[in-house]
Amino acid sequence: MNTATKLGAYVAGLAVVFGGAAGIGTVAGPVGKADEGGHGAHGSHGGTAAGTAVPGGLQVSQDGYTLHPRTTTVRPGVLTDFRFTIDGPDGRPVTGFTPLHGKRLHLIIARRDLSGFQHLHPTEVGGGVWAVAVVLPKAGAYRFFTDVQPEGAKEALTLGVDVAAPGDFQPVPLPEPEQVAKVDGYEVKLAGALAPGKASKLTLTVSKDGKPVTDLEPYLEAYGHLVALRQGDLAYLHVHPDGEPGDGKTKPGPGITFYAEAPSAGTYRLYLDFQHAGKVRTAEFTVTAGPSSGPVEQGGQDEGHGEGHGEHTH
């Protein structure tokens, strides 16, 4: 079986096994009234209140808006000028956007096995075309998510599309659930657990060299951003912390608290972005919501797994 066939069979298999889980619920953000910065009851940029909308990222089009990549194939390991548009109901690229957490557009990338996570911020180069330098480290199928709110749209949207990195594809088994992640000399501890269908309190505590980090820096108008992807269909769940910098009550560490609701039982990969000493880093966790359907596969790890990533690309 050639590489393209193997890759196609893998993605098709995921759709068959996990496709039935799609379309249920969403993730709730901090419990309480939404504020003007979007840190309130809406956790997913494209979601509404908990349990009333599907998770984001499962559709390339929503409410008449479509994510349109100009390139659908990227050579692995090669720095690529990736360009795309968000096309509106009239079929033309959208040029007006309402900022979300300080940016007009957020781009999230993960390989279909949940490795290779990236959180990037493309630049609009004119005419509604967005561009960003991207490196997809290994062969495989990658999911590209965009968080946007076109001007005039009632709510923010999370759109998703697959981009192929051709080559010899070797899926990476998901790491076992653990409560501690290490990244670039930092240790992040996770307290709490996801429970399907109800709000769960998750607190992530950051330390360095055994000492609590009490001077986390604001990143995109928060002390931390948390993205969760559901294993299998890569349902995109974006939550934000309880409180925000400058509100008079939220401390800059060491703990960052989130309130999240998993839409279904299953296994999720959590990606926490936090900024300290001028750099953004990502800590990763595997968590299970509800009864486990079986052990997470054992095996080797690549750069996208294990003890988390190093520095984060802005």
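Residues numbered from 1 in each chain as written. Predicted model: local features only at pLDDT ≥ 70, side-chain atom pairs only at ≥ 80, totals over all residues. Heavy atoms only, no water.

Undergrad: Any chance you could break down the overall build of the protein chain for me, citing the residues and the numbers?
TA: Secondary structure assignment for the protein chain yields one helix and 19 strands. Here the protein chain holds 314 residues, and 51% of them are scored as buried. If you take every contact in the protein chain between residues at least 6 apart in sequence, the share linking residues at least 24 apart comes to 68%. About 13,200 Å² of surface is accessible on the protein chain, with carbon and sulfur atoms providing 52% of the total. (Helix = DSSP H or I, 4+ residues; strand = E, 2+ residues; numbered from the N terminus. Buried < 20%, exposed > 50% of the residue type's maximum accessible area, 1.4 Å probe, protein only. Contact = heavy atoms within 4.5 Å. Areas by Shrake-Rupley, 256 points an atom, 1.4 Å probe, with all protein chains shown as cover.)

Undergrad: Can you explain the packing of aromatic side chains? Please cite residues and give values.
TA: The tally for this structure, following the rule as stated, stands at six aromatic pairs. Consider the rings of Y186 and F274, whose centres lie 5.6 Å apart with planes at 70°: the pair is edge-to-face. Here the residue Y186 occupies a position in strand β11 (residues 186–191), and F274 occupies one in strand β17 (residues 266–276), the gap between them amounting to 88 residues. By relative accessible area, which is 3% here, Y186 ends up buried. By the ring-pair criterion, three or more aromatic residues cluster together here, those being F82, F84 and F144. Across the ring face of Y186, the terminal group of K208 is positioned such that the distance to the ring centre comes to 4.5 Å. (Phe/Tyr/Trp six-rings, centres within 6.5 Å; stacked < 30°, edge-to-face > 60°. Lys NZ or Arg CZ within 6 Å of the ring centre and 35° of its normal.)

Undergrad: So what's going on with the sheet that holds strand β7 (residues 129–134)? Which residues, and what values?
TA: Taken in spatial order, the five strands line up as β1-β2-β3-β7-β6 in an open sheet, and their pairing is antiparallel. Looking at which strands have only one partner, the edges of the open sheet turn out to be β1 (61–62) and β6 (123–126). For strand β3 (residues 80–87) and β7, the ladder comprises six bridges, and the chain directions are antiparallel. Looking across to β7, one finds that T85 is bridged to V129. (Pairing = 2+ DSSP bridges.)

Undergrad: Go over the environment of V129 with me, naming the residues and quoting the values.
TA: With respect to the helices and strands, V129 occurs in strand β7. Judged by relative accessible area, which is 12%, V129 ranks as buried. Through-space distance from the C-alpha of V129 to that of P93 is 7.2 Å; in sequence the pair is 36 residues apart.

Undergrad: Go over the sheet that holds strand β5 (residues 118–120) with me, naming the residues and quoting the values.
TA: If you trace the four strands from one edge of the open sheet to the other, you get β5-β4-β8-β9, paired in antiparallel fashion. In this open sheet, the two strands that pair with only one neighbour each are β5 and β9 (157–165). With direction set aside, neighbouring strand axes in the sheet form an average angle of 20°. (Axes fitted to C-alpha atoms, helices over the stretch in contact; angles between N-to-C directions.)

Undergrad: Pulling in residues and values, what's your account of unusual backbone geometry?
TA: Along the chain, G253 connects to P254 via a cis peptide bond; the corresponding omega equals 0°. Relative to the elements of secondary structure, P254 occurs in the loop between β15 (236–239) and β16 (255–260). Even without being a glycine, H101 presents a positive backbone phi close to 55°. Backbone geometry at A277 places phi at a positive 55°, although glycine is not the residue there. Tracing the sequence through the fold places A277 in the loop between β17 and β18 (279–289). What makes A277 exposed here is its relative accessible area of 56%.

Undergrad: Quick one: what's the story with the nonpolar core, residue by residue and with numbers?
TA: Formed by 28 residues in total, the largest nonpolar core has its most connected members in V188, L194, L270, L272, F274 and F285. Elements with a minimum of two residues in this core: β10 (180–183), β11, β12 (200–208), β14 (225–230), β15, β16, β17 and β18. Residue contacts for F274: discarding those within four places in its chain leaves V183, Y186, V188, V206, L216, Y223, K279, V280, R281 and A283. (Core = buried A, V, L, I, M, F, W, Y, C linked by side-chain atoms within 4.5 Å.)

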